[in-house]
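Residue-level listing of the chains:
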Amino acid sequence: MQRFRSLLVFVGAFAATAAWSQNIEGVTFANKPGQVFAPLRQTCQSLGLVVEWDDTTSEVVVGEKRFKERDFRTLFDGTKLVPLRDLEKFGVTVHYDDGSDSAVLSYQDKETTVSLGQKRVEISIDDQTLRAWQGQILVMETNVSTGRRGHTTPKGSFKAGPVKTRMHYSRLYDNAPMPYSVQVNGDVFIHGYHSVPKYPASHGCIRMPLYGRNAARYFFDWVDKGTPVDILGDFAEVSAKSGNH
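Note that this is a predicted model, so its numbers are computed, not measured.

Participant: What's the story with the overall build of the chain in this structure? I'm lost.
Facilitator: For the chain, the helix and strand inventory stands at three helices and 20 strands. Partitioning the intrachain contacts of the chain with sequence separation of at least 6 by distance along the chain shows that 58% fall at a separation of at least 24. As displayed, the chain offers around 12400 Å² of accessible surface, 49% of which is attributable to carbon and sulfur atoms.

Below you can see the structure in the form of structure tokens.
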């Protein structure tokens, strides 16, 4: 069995001596303030860095540097993200542009700009699905359960917060625990729950799974207070409103 499998190969056509540049979108997490992450594969490819996977040690190899999978954050679908500050280990120069949400990465004769788009959350009651975006990057998608008949989840445009806490207790339903709670409208929260069927089942809140990849915790770690949250019938309505698809 081949020991190394190339995850990406720098295309020789780009290896001209003249400098060239590329724009990439980054991702931030609320629980990692001040850090910007970028897709590992796309970022290294833009800079001419080859990334390999070592079958023997289950490590990611960038140049002569080795990293365990746990050293990387990921999008919810498993796409690896690299902190911009860690790119300096590969000889990449990282320059943050004062007063803007962007950074310029330089490596040999290549240059890449990483910029940050706005965060937004879209919840479809018809599809019972939540999607979280940062710019054009789909950070996560998960099934949810919204309010059942008689306890309908309100539709509209809201903002995350101001209450955001790892454990909230329902004032309306016997102090029921609501882990990874993010308020969206009064007593309506996005929160984790042990049962999230793919149909409306809650008392009005938006339930997210605590099992599997723990979508509730992932969302809580990513979302900022003030992030726009659209709750509408289907994604067609949301997309027309947001204009970002």
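Now, onward.
Participant: Even after reading the chapter, I still don't get the layout of surface pockets, so can you show me in this structure?
Facilitator: Taking a probe equal in size to a water molecule and rolling it over the atoms shows the remaining empty space. Taken as a whole, the second largest pocket encloses approximately 160 Å³ of empty space. Residue assignment for the lining of the second largest pocket shows that the elements contributing at least two residues are strand 7 (73-74) and helix 2 (215-222). For the lining of the second largest pocket, the element with the highest residue contribution is helix 2, accounting for three residues. Of the residues contributing to the lining of the second largest pocket, the split by class is three nonpolar, two polar and four charged.

Participant: So what exactly am I meant to see when it comes to the sheet that holds strand 7 here?
Facilitator: Where strands meet in a sheet, backbone hydrogen bonds hold them as pairs that are either parallel or antiparallel. Read from one edge to the other, the open sheet built from three strands follows the order 3-8-7, with strand pairing classed as antiparallel. Of all the strands in the sheet, just strand 3 (37-39) and strand 7 have a single pairing partner and so form its edges. In the packing of helix 1 (residues 40-47) onto the sheet, contacts are made with strand 3 and strand 8 (80-83), and the angle to strand 3 comes to roughly 80°.

Participant: Which parts of the structure should I look at to understand the nonpolar core?
Facilitator: What tends to happen in soluble globular proteins is that the nonpolar side chains get buried as a cluster. Ranked by size, the top nonpolar core spans 33 residues in total, and within it Leu-130, Met-140, Ile-190, Met-208, Phe-219 and Trp-222 carry the most contacts. When residues of this core are traced back to their parent elements, those giving at least two are strand 12 (119-124), strand 13 (129-134), strand 14 (137-143), strand 17 (177-185), strand 18 (188-193), strand 19 (206-209), helix 2 and strand 20 (228-232). Looking at which element gives the most residues to this core, the answer is helix 2, with six residues. Beyond its immediate sequence surroundings of up to four residues, Ile-190 is in contact with Ile-123, Leu-130, Tyr-180, Ser-181, Val-182, Val-184, Ile-206, Met-208, Phe-219 and Val-229. The next biggest cluster of nonpolar side chains, apart from the first, holds 23 residues, and it includes Leu-47, Val-60, Val-82 and Phe-90.

Participant: Looking at this structure, I do not really get helix 2. What am I missing?
Facilitator: Three- or four-residue spacings in an α-helix give side chains the same orientation, since the helix completes a turn every 3.6 residues. Of all eight residues in helix 2, seven are buried, a share of seventy percent or more. Buried within helix 2 are the following residues: Ala-215, Ala-216, Tyr-218, Phe-219, Phe-220, Asp-221 and Trp-222.

Participant: Quick question: what am I supposed to make of the sheet that holds strand 12 here?
Facilitator: Pairing within the open sheet is mixed, and its five strands lie in the order 14-13-12-20-15. The sheet is open, and its two edges are formed by strand 14 and strand 15 (156-159), each paired on a single side. Strand-to-strand twist in this sheet, taken as the mean axis angle between neighbours without regard to direction, amounts to 20°. Packed onto the sheet, helix 2 meets strand 12, strand 13 and strand 14 and runs at close to 145° relative to strand 14.

Participant: I keep staring at the side chain of Gln-134 and nothing clicks. Help me out?
Facilitator: Tracing the chain through its elements places Gln-134 in strand 13. If sequence neighbours within four positions are ignored, Gln-134 has contacts with Glu-25, Gly-26, Val-27, Thr-28, Leu-116, Gly-117, Gln-118, Lys-119, Val-139 and Trp-222.

Participant: Please clarify how empty space enclosed by the protein should be interpreted in this entry.
Facilitator: In this structure the tally under the stated criterion is one cavity of 30 Å³ or more. Lining the largest cavity, in full, are Phe-67, Asp-71, Phe-72, Val-82, Asp-86 and Phe-90. Within the lining of the largest cavity, the residues separate by chemical class into four nonpolar, no polar and two charged.

Participant: Any chance you could explain the side chain of Thr-227 here in plain terms?
Facilitator: Inspection of the secondary structure puts Thr-227 in the loop between helix 2 and strand 20. Here Thr-227 falls in the buried class, since its relative accessible area comes to 4%.

Participant: Explain the packing of aromatic side chains here, please?
Facilitator: Centre-to-centre distance and the angle between the planes together describe a pair of aromatic rings. Summed over all chains, the structure comprises seven aromatic pairs. On the numbers, 5.5 Å between centres and 80° between planes, the contact of Phe-67 with Phe-90 is edge-to-face. Of this pair, Phe-67 sits in strand 6 (residues 65-68) while Phe-90 sits in the loop between strand 8 and strand 9 (93-96), placing them 23 residues apart in sequence. Among the residues examined, Phe-67 registers a relative accessible area of 10% and is labelled buried. If you follow Arg-207 out to its NZ or CZ, it ends over the ring of Tyr-193, 3.9 Å from the centre. Its guanidinium or amino end placed over the ring of Phe-76, Arg-213 lies 4.9 Å from that ring's centre, counting from NZ or CZ.

Participant: Can you help me understand the pattern of salt bridges in this one?
Facilitator: Opposite charge on two side chains allows them to pair when their charged atoms are near. A complete count under the given rule lists nine salt bridges for this structure. In this structure, Asp-86 engages Lys-89 in a salt bridge whose closest nitrogen and oxygen atoms are separated by 3.8 Å. Overall, the relative accessible area of 18% leaves Asp-86 in the buried class. Assessed through its relative accessible area of 44%, Lys-89 is described here as partly exposed. Residue Arg-120 is joined to Glu-122 by a salt bridge in which the shortest nitrogen-to-oxygen separation is 3.2 Å.

What counts and what doesn't
Residues numbered from 1 in each chain as written. Predicted model: local features only at pLDDT ≥ 70, side-chain atom pairs only at ≥ 80, totals over all residues. Heavy atoms only, no water. Helix = DSSP H or I, 4+ residues; strand = E, 2+ residues; numbered from the N terminus. Contact = heavy atoms within 4.5 Å. Areas by Shrake-Rupley, 256 points an atom, 1.4 Å probe, with all protein chains shown as cover. 1 Å grid on protein atoms, 1.4 Å probe; cavity = no way out; pocket = protein on both sides within 12 Å on 5 of 7 lines; lining within 4 Å. Points joined across faces, edges and corners; volume = space filled by probe spheres on them. Nonpolar A, V, L, I, M, F, W, Y, C, P; charged D, E, K, R; others polar. Pairing = 2+ DSSP bridges. Axes fitted to C-alpha atoms, helices over the stretch in contact; angles between N-to-C directions. Core = buried A, V, L, I, M, F, W, Y, C linked by side-chain atoms within 4.5 Å. Buried < 20%, exposed > 50% of the residue type's maximum accessible area, 1.4 Å probe, protein only. Phe/Tyr/Trp six-rings, centres within 6.5 Å; stacked < 30°, edge-to-face > 60°. Lys NZ or Arg CZ within 6 Å of the ring centre and 35° of its normal. Salt bridge = Lys/Arg side-chain N within 4 Å of Asp/Glu carboxyl O.

Shape is all these values report; function is a separate question.
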